[in-house]
Each structure stands twice: as structure tokens, then as C-alpha cells.
Amino acid sequence: MSTSASAHPAPSATADGGSVTDRLVEANRTYAAGFTDPGMDARPVLKVAVVACMDARIDLHAALGLELGDCHTIRNAGGVVTDDVIRSLTISQRALGTRSVVLVHHTGCGLESLTEEFRHDIEREVGQRPAWAVESFRDVEQDVRQSMQRVRTSPFLLSTEDVRGFVFDVKTGLLNEVAPAV
Ligand SMILES: [Zn+2]
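Criteria and cut-off values
- Residues numbered from 1 in each chain as written.
- Predicted model: local features only at pLDDT ≥ 70, side-chain atom pairs only at ≥ 80, totals over all residues.
- Helix = DSSP H or I, 4+ residues; strand = E, 2+ residues; numbered from the N terminus.
- Buried ≥ 20, exposed ≤ 12 C-beta atoms within 10 Å, placed from the backbone.
- Contact = placed C-beta atoms within 7 Å.
- Pairing = 2+ DSSP bridges.
- Axes fitted to C-alpha atoms, helices over the stretch in contact; angles between N-to-C directions.

Engineer: Now, about the overall build of the protein chain: what can you tell me, with residues and values included?
Structural biologist: Counting its regular elements, the protein chain contains six helices and five strands. The buried share among the 182 residues of the protein chain stands at 24%. If you take every contact in the protein chain between residues at least 6 apart in sequence, the share linking residues at least 24 apart comes to 64%.

Engineer: Just give me the short version of the environment of aspartate 37, but keep the residues and values in it.
Structural biologist: Within the element layout of this structure, aspartate 37 appears in the loop between helix H2 (20-33) and strand S1 (48-53). Sequence separation between aspartate 37 and valine 144 is 107 residues, and the spatial gap between their C-alpha atoms is 37 Å.

Engineer: Can you break down the pairing of strand S5 (residues 175-178) residue by residue, with the values?
Structural biologist: Direction of pairing for strand S4 (residues 163-168) relative to S5: antiparallel, over a ladder of four bridges. Note that in S5 the partner of valine 167 across the bridge is asparagine 176.

Engineer: Go over the sheet that holds strand S3 (residues 100-106) with me, naming the residues and quoting the values.
Structural biologist: Taken in spatial order, the five strands line up as S2-S1-S3-S4-S5 in an open sheet, and their pairing is mixed. Single-partner strands in this sheet number two, and they are strand S2 (71-76) and S5. Mean inter-strand twist for the sheet, computed between neighbouring axes without regard to direction, equals 25 degrees. Of the strands in this sheet, S1, S2 and S3 touch helix H4 (residues 83-94), which is tilted by about 175 degrees from S2. Along the sheet, helix H6 (residues 140-152) contacts S3, S4 and S5; its crossing angle with S4, the most-contacted strand, is approximately 155 degrees.

As C-alpha cells, this is what we get:
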């Protein structure tokens, strides 16, 4: 990952020569053609915020039986509770009325194969150390516990009573609940 070629790969192209983004924009035209304003409120109907890994294999709404408008969805690499996730949860609770927090990590997460060395490699390559931690982990359940703890102990949140954490099994589609740290 130290060559400029691999650091800046060309955007992938579609079969007809357009970029992926062109394809998305095209799909949006079709979507908008059949779109009617559902007239929804911005406040999530189920008053829940779901923090999950960005992993492409997790269809969060389908996996949790959620409908459009039901929840806030906050996703990042690992589903880690970073300061920016706390920022989103704080806005979710204080400005938009959510009260429950659900954390979803998963089996086979890419963060299990990374270490903080990832940052050092980047620093060597670009001459600047990223300000963020990689937040890699070895034990996914322990990482869920740590994330739950970060939510529960945040001074900014209004509601930290209903915070539950899970590991989504990408092979079976099942959520396995993780007991919080005692
Ligand atoms: Zn992941």
C-alpha cells in the first residue's frame, strides 16, 4: 500500500464505460420517477438509533425488520463508537427524540485484520499521521462491550438506559447479543 498507484486507484468503470457514480445517478432518475413524498417527520418512528459497521454485506433494515422512517442509522468502519458517533447520537437524542441505542458489529469484520500499524504505514507514505485511531480489534464481543460502555458513559446523551449490543453473523444472518461489561 505504499505505491502511489495503489493509494490512488482509478475509479472503477461500468461495462458501458460510465463510472460507478454515473450508474448511481442513472438509478436515481428511475427512483425519482416513481417517487412520491411520504410526508414523513424527521423524527424516527421507533425512537431508536442503530450504530453499525459499514460492511457491504449487512442489510441493516432487512436484518432488523426496519422500515423507512423507523430509525437513525449511523455507520462507520467497525461500527465503533467514536467521538463523531457520539456527536450523531447526541443530535439524534436531543434534537430528534430517539431514546434507544442498538450497536451492531459482525463476524469477519475487516478491522480484525488491521492494526494501528495501518496508521503508521499511512504516515510513512504521506508524511502526516492521521489524527484518528484505527480502532482495530481482535475480540469482536469485547469491542461491542467497549462501544456499549462508551455510549453509557457519555455525558452528552439524554438516554443511556436502553443500550444493547450485538454481533451479526454474516453466515447465518443472526444477531447474537453481547452481555454488557459488569
Ligand atoms: Zn465490519
